[in-house]
Each structure stands twice: as structure tokens, then as C-alpha cells.
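# Residue-level structure breakdown
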Amino acid sequence: MIEPLIKTVKLKKYYSVSSGSFFNRKKTIVKAVDGVSIKIQKKETLGILGESGCGKTTLGRLILNLIKPTSGKILYNGSPIQNINPELQIIFQDPYSSLDPSMTIEESLNEPMVVNGIERLEREKRINNLLDNIGFSKNILSRYPHQFSGGQRQRIVIARALTLKPSFVVADEPVSALDVSIQAQILNLLKDLREIYSLSYLFISHDLSVVKYISDRIAVMYKGKILEEGNSDDICTNPVHPYTRLLISSLPEYYSQHEDSKEIEREEKGNCVFYHRCPFADNKCENAESIKFKLLDNNHKVRCLKAKKFYQTKKSG
Ligand SMILES: Nc1ncnc2c1ncn2[C@@H]1O[C@H](COP(=O)(O)OP(=O)(O)O)[C@@H](O)[C@H]1O
Ligand code: SF4
Ligand SMILES: [Mg+2]
């Protein structure tokens, strides 16, 4: 079997946070990432889809070794990642804060290569090649970030992330800060660069249409856990988990039948992280010791006790 480029095994990151008033301080544990096992193959894009606060950024930073896990493993080409590895890079959401305003574009592009001891001729070669592939001429090198629009800056930020010839890039909401008209250009650029440089992406977004456009596979995340994972087409056309169906808007009818309010809110109970919002929750869900993945066709995995029933009903209906 081919070794995945990136593999995480039961990865966890818990934070202990203080809450309450000054006189009534309480410590609570935030399970930012809670037992995530994913695999990403060479030249593959895995989209991570979920609402704000579900743990997407924490997962990306753990894989790059920018933060230490509470427990679990991260393997790159089959070996544990020990230090920060230049072959693994990140592109952030905000192109305005990702470039130092006091540095020319040339200085910004050179910086990671200088830090990594790459000699001048090789640096020039890489920069020229990247400029060609992001659609800029050498004229931009003497300019400063403020002379560019958000979309142009994000192109430069992407080029900068590729100067060290990575094989894997975490793209953390890379188009969320951009105008919708520019988003498709950047997504197409990321797709083209994936082909040219044989890259793999972990592509993080809260926006289904964006994740769907770029990803080969999608993992849906909620409260630190992956609830559903499969090929993009299967997830988008045949979502099974009640949370995925809510995200993909095929559920409002269930909510409206249930109560006047659009969403159910009940006490958090049991081991299903979606129990408190799920219109299908029953005693079995509340009392289940653990909610394991159910495997459907085509390597489509769903963390729900009723996954097989939902899947059969949809297939026959
Ligand atoms: N350094 C930290 N200290 C305490 N809590 C944190 C820290 N970083 C993230 N969190 C919490 O972990 C959860 C997941 O955060 P994050 O990974 O940023 O989510 P997302 O990127 O999906 O919006 C959130 O509840 C957030 O408040
Ligand atoms: S396990 Fe039960 S509560 Fe959880 S998502 Fe499935 S049906 Fe809903
Ligand atoms: Mg985030």
C-alpha cells in the first residue's frame, strides 16, 4: 500500500481555559482537536469543512508542528515530524498581515530562502519561476505590499510559501478575506500550482462551495472531531451525517417539523458531539458508549449511530 504523505493518528489538542467571574473562576477543557485520524496522499487535496471554532486551524498548526499535540501522532512520509519542516508550509487567511509592509516583494520572497541557507543564484531562479507561474513580471520585485490589491497580495503570499519547494501546504481559509470575484482566481491558481509543483493541500474553509471546488476529498469537522469524510462528490451530493446535511442545507425541513425554532438546542449528553442539535437523537444516542465511524460505499465514513439507516433510506428514496 502507498504510504500517505501526511497521516495523523488519534490526534488531540486540549486547552485548559479559565472562565467565570474573578471570584468564581472555573477551569474548563476545550477539546480543540479531539482524536483526528486523517490521511493525505501525494498531489491530493483534503478539504476540512466546519463552522468557526470547530478546530480547523488547530488541526493545521498541529500537522505543521507549530503547536504540540496533547496526544496522538503525525507522520510525514511515514516518519514522525520532529521539528518545523520547510517541506510543510502554510498560507494564512489575511494577505494584509502575511507580508511585512516595510519589505519589498523581493525581500519578502527571499527571506525564507535566506534563513534556510539557499544561495543567491538558486534564489533568483526559484523567484523567476514562481513569478511566471503566479502571473507577475519581475517589475513587482522592487514594490511594497501596499501597492497591491488583496488578491495580488495573496498571489505573492502563495509564491512565498512555495519558495522552499514544499510538498505539502496547509491553506487556512486562503480566500475568505477576498472579494468573491477574486476567490475563483486564487482557487484556480492553487489548483494550477498543485499540478506544476506536485503539491498536496489541507484546504481549510467554512464555505462549502469553496471546499467543494478545490478538494478531492472532504472531512467535515465539528467540536474537534471529524463527523463525516469521503470523496467530494459523495459528501456534496449524498451527505449522510445530520450535521453535514445541515451544512449542505438539506435539513431545515426536519427542524421546522420539530419545533418552531430553526434549530434544536438541548442539553449536551452522551458521546455524540452533535446530540444537542440533532433532530434524530434518541435514547440510544444518549446512552451509546462511543460513536465510531460507520463505513459506507466508496470509503465514505460517517460518525453516527444511524448512518447506515440514513444512507439506505436516501439510496432507496
Ligand atoms: N491557544 C488557545 N487557547 C485556548 N483555546 C484555544 C486556543 N486556540 C484555539 N482555542 C480554541 O479551540 C477551538 C478551536 O479553535 P480553532 O482551531 O481556531 O477553530 P477554527 O479554525 O475552526 O475556527 C476554539 O474553541 C478556540 O477558542
Ligand atoms: S448518533 Fe444520534 S444524536 Fe448523533 S448524529 Fe447520529 S442520530 Fe444524531
Ligand atoms: Mg481558523
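Quick caveat: nothing in here was measured; it's all calculated off a predicted structure. (Residues numbered from 1 in each chain as written. Chains lettered and ligands numbered in written order. Predicted model: local features only at pLDDT ≥ 70, side-chain atom pairs only at ≥ 80, totals over all residues. Heavy atoms only, no water.)

## Some details on the site of ligand 2
Around ligand 2, the neighbouring residues are His241, Pro242, Cys272, Tyr275, Cys278, Phe280, Ala281, Cys285, Cys304, Leu305 and Lys306. Here the shell around ligand 2 is built from residues that sort into 9 nonpolar, 1 polar and 1 charged. (Near = heavy atom within 4 Å. Nonpolar A, V, L, I, M, F, W, Y, C, P; charged D, E, K, R; others polar.)

## So, helix H4 (residues 150–162)
Spanning 13 residues, H4 covers 19 Å between terminal C-alpha atoms, matching the ideal 18 Å at 1.5 Å per step. Judged by how many residues are buried, H4 sits mostly within the fold: 11 of 13 residues are covered. If you check which residues of H4 are buried, you get Gly150, Gly151, Arg153, Gln154, Arg155, Ile156, Val157, Ile158, Ala159, Ala161 and Leu162. Packing partners of the buried residues in H4 comprise strand S7 (88–91), helix H2 (105–115), helix H3 (120–134), strand S8 (168–172) and helix H5 (180–197). (Helix = DSSP H or I, 4+ residues; strand = E, 2+ residues; numbered from the N terminus. Expected span 1.5 Å × (residues − 1). Buried < 20%, exposed > 50% of the residue type's maximum accessible area, 1.4 Å probe, protein only. Contact = heavy atoms within 4.5 Å.)

## What about the nonpolar core?
Leu109, Leu131, Ile156, Ile158, Leu190 and Leu193 are the most contacted members of the largest nonpolar core, which totals 35 residues. Those elements giving two or more residues to this core turn out to be H2, H3, H4, S8, H5, strand S9 (200–205) and helix H6 (208–214). Of all the elements, H4 adds the most residues to this core, at 6 residues. What Leu131 contacts, discounting residues up to four positions off in sequence, is Leu109, Phe136, Ser137, Lys138, Ile140 and Leu141. (Core = buried A, V, L, I, M, F, W, Y, C linked by side-chain atoms within 4.5 Å.)

## Observations regarding the sheet that holds strand S12 (residues 294–295)
Taken in spatial order, the 8 strands of this open sheet run S7-S8-S9-S4-S10-S11-S13-S12, and their pairing is mixed. Single-partner strands in this sheet number two, and they are S7 and S12. Sheet analysis places S7 next to S8, joined by 4 bridges and oriented parallel. Bridging across to S8, Ile91 finds its partner in Ala171. Strands strand S4 (45–49), S7, S8, S9 and strand S10 (217–222) of the sheet are contacted by helix H1 (residues 56–63), whose axis makes an angle of about 155 degrees with S9. Seen against the sheet, H4 touches S7 and S8 and runs at an angle of roughly 170 degrees to S7. (Pairing = 2+ DSSP bridges. Axes fitted to C-alpha atoms, helices over the stretch in contact; angles between N-to-C directions.)

## Brief notes about the domain arrangement of the protein chain
What the domain assignment reports for the protein chain is domain 1 (6–221) and domain 2 (238–316). Of note, the centres of domain 1 and domain 2, computed from C-alpha atoms alone, are 31 Å apart. Taken residue by residue, the interface counts 7 residues in domain 1 and 6 residues in domain 2. Taken over both partners, the interface formed by domain 1 and domain 2 buries close to 510 Å², and the fraction arising from carbon and sulfur atoms is 59%. Taken as a group, Glu51, Leu208 and Val220 account for 70% of the area that domain 1 buries against domain 2, more than any other trio of residues on that side. There are 1 salt bridge connecting domain 1 and domain 2. (Domains from an automatic or database assignment. Buried area = accessible area lost by both parts, 1.4 Å probe. Salt bridge = Lys/Arg side-chain N within 4 Å of Asp/Glu carboxyl O.)

## Focus on the site of ligand 1
Near ligand 1, the surroundings consist of Tyr15, Val17, Val30, Ala32, Glu51, Ser52, Gly53, Cys54, Gly55, Lys56, Thr57 and Thr58. Within the side chain of Thr57, one N or O atom sits 2.8 Å away from an oxygen atom of ligand 1. For ligand 1, an oxygen atom lies 2.5 Å from a polar atom in the side chain of Thr58. Calculation on ligand 1 without its partners gives an accessible area of 570 Å², and the protein chains cover 61% of this total. At the level of secondary structure, the elements contributing two or more residues to the shell around ligand 1 comprise strand S1 (6–19), strand S2 (26–36) and H1. Here the shell around ligand 1 takes 3 residues from H1, the largest share from any one element. Of the residues contributing to the shell around ligand 1, the split by class is 5 nonpolar, 5 polar and 2 charged. (Polar contact = N/O pair within 3.5 Å; in protein donor to acceptor, adjacent residues only side chain to side chain. Areas by Shrake-Rupley, 256 points an atom, 1.4 Å probe, with all protein chains shown as cover.)

## Things to note about the side chain of His276
Looking at the element boundaries, His276 is found in the loop between helix H9 (252–258) and helix H10 (283–287). In this structure His276 comes out as buried when scored by relative accessible area, which is 8%. Engagement of the side chain of His276 in a polar contact is seen with the side chain of Lys223, the distance being 3.5 Å.

## Here's the deal with the packing of aromatic side chains
Using the criterion set out here, one finds 5 aromatic pairs in the structure. With 6.1 Å between their ring centres and 70 degrees between their planes, Phe136 and Phe148 make a pair best called edge-to-face. Residue Phe136 is found in the loop between H3 and H4, and its partner Phe148 is found in the loop between H3 and H4; the two are separated by 12 residues along the sequence. According to the relative accessible area criterion, Phe136 is buried, its value standing at 15%. Residue Phe148 is classed as buried on the basis of its relative accessible area, which comes to 6%. Ring centres of Phe280 and Phe310 lie 4.9 Å apart, and the angle between their planes is 55 degrees; this geometry places the pair in the tilted category. Residue Phe280 is located in the loop between H9 and H10, and its partner Phe310 is located in helix H11 (residues 307–316); the two are separated by 30 residues in the primary sequence. Judged on exposure class, the residue Phe280 and its partner Phe310 are both buried. Grouped by ring-pair contacts, the aromatic residues Tyr222, Tyr243 and Phe274 constitute a single cluster. Its end group placed over the ring of Tyr213, Lys191 keeps NZ or CZ at 4.1 Å from the ring centre. (Phe/Tyr/Trp six-rings, centres within 6.5 Å; stacked < 30°, edge-to-face > 60°. Lys NZ or Arg CZ within 6 Å of the ring centre and 35° of its normal.)

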